[in-house]
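Notes for the structure review
Below are the chains, spelled out letter by letter.
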Amino acid sequence: MFFASKIRATAEAVGVEVSFPRSVEKLIEKAKEARPELVVVDLHNTKELKSNEDLRGIKLLGFFSHVHADLQRNAVAAGYDQVIPRSVFARDLGEILSKP
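Residues numbered from 1 in each chain as written. Predicted model: local features only at pLDDT ≥ 70, side-chain atom pairs only at ≥ 80, totals over all residues. Heavy atoms only, no water.

For the rest of this paragraph, the subject is unusual backbone geometry. As a rule of thumb, non-glycine residues mostly have phi less than zero, and peptide bonds are mostly trans rather than cis. You will see that R35, though not glycine, has its phi angle at about 45°, which is positive. Within the secondary structure, R35 sits in the loop between α2 (24-34) and β1 (38-42). Taking relative accessible area as the criterion, R35 reaches 45% and is therefore assigned partly exposed. (Helix = DSSP H or I, 4+ residues; strand = E, 2+ residues; numbered from the N terminus. Buried < 20%, exposed > 50% of the residue type's maximum accessible area, 1.4 Å probe, protein only.)

Before going further, it helps to spend a moment on the sheet that holds strand β3 (residues 82-85). What links the strands of a sheet is backbone hydrogen bonding, and the strands pair in either a parallel or an antiparallel sense. One open sheet holds the three strands; their spatial order is β1-β2-β3, and the pairing between them is parallel. Where the open sheet ends on each side, the last strands, each with one partner, are β1 and β3. Averaged over all neighbouring strand pairs, the angle between strand axes comes to 20°, with direction disregarded. (Pairing = 2+ DSSP bridges. Axes fitted to C-alpha atoms, helices over the stretch in contact; angles between N-to-C directions.)

The next thing to look at is the pairing of strand β2 (residues 59-64). Of all the six residues making up β2, five are buried; the element is thus mostly covered by neighbouring parts of the structure. Pairing of β1 with β2 involves five bridges; the strand directions are parallel. Across the sheet, the residue bridging to V39 is L60, located in β2. Relative to β3, β2 is paired through four bridges, and the arrangement is parallel. Within the sheet, the bridge partner assigned to G62 lies in β3 and is V83. For the handedness criterion, the β-α-β arrangement of β2, helix α3 (residues 69-78) and β3 is classed as right-handed. (Right-handed = clockwise from strand over helix to strand, strands pointing away.)

This brings us to the pattern of salt bridges. For the structure on display, the rule yields three salt bridges. A salt bridge links D42 to R86; the nearest nitrogen and oxygen atoms lie 3.5 Å apart. Separated by 44 residues along the polypeptide, D42 in strand β1 and R86 in helix α4 (residues 86-91) bring together distant segments of the chain. (Salt bridge = Lys/Arg side-chain N within 4 Å of Asp/Glu carboxyl O.)

Counting 12 residues, the largest nonpolar core consists of L27, A31, V39, V41, L43, I58, L60, F64, L71, A75, Y80 and V83. Within the second largest apolar cluster, 10 residues are counted, among which are A11, L61, F63 and F89. (Core = buried A, V, L, I, M, F, W, Y, C linked by side-chain atoms within 4.5 Å.)

Listed below in structure tokens is the structure:
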């Protein structure tokens, strides 16, 4: 909940539209419709997305708690474009959301 609020506030500050689909199915549906430039994933709360054909062309960034390095390894192996610790994600959120 904290991260969603932080993401929403930062996105508003940098003029970027965000949404928070509640399931992988909703995310895929929304991605097919809107073709976002970036999908940000909390690796603690999702199934694998990069294997979905409809999401392959969308940049996929995953963040994780630094104590769960296995999530990082799994996401990199699955083809995520970028995988960063949650602390780096929080620190660089404005820059991450502002990049095309």
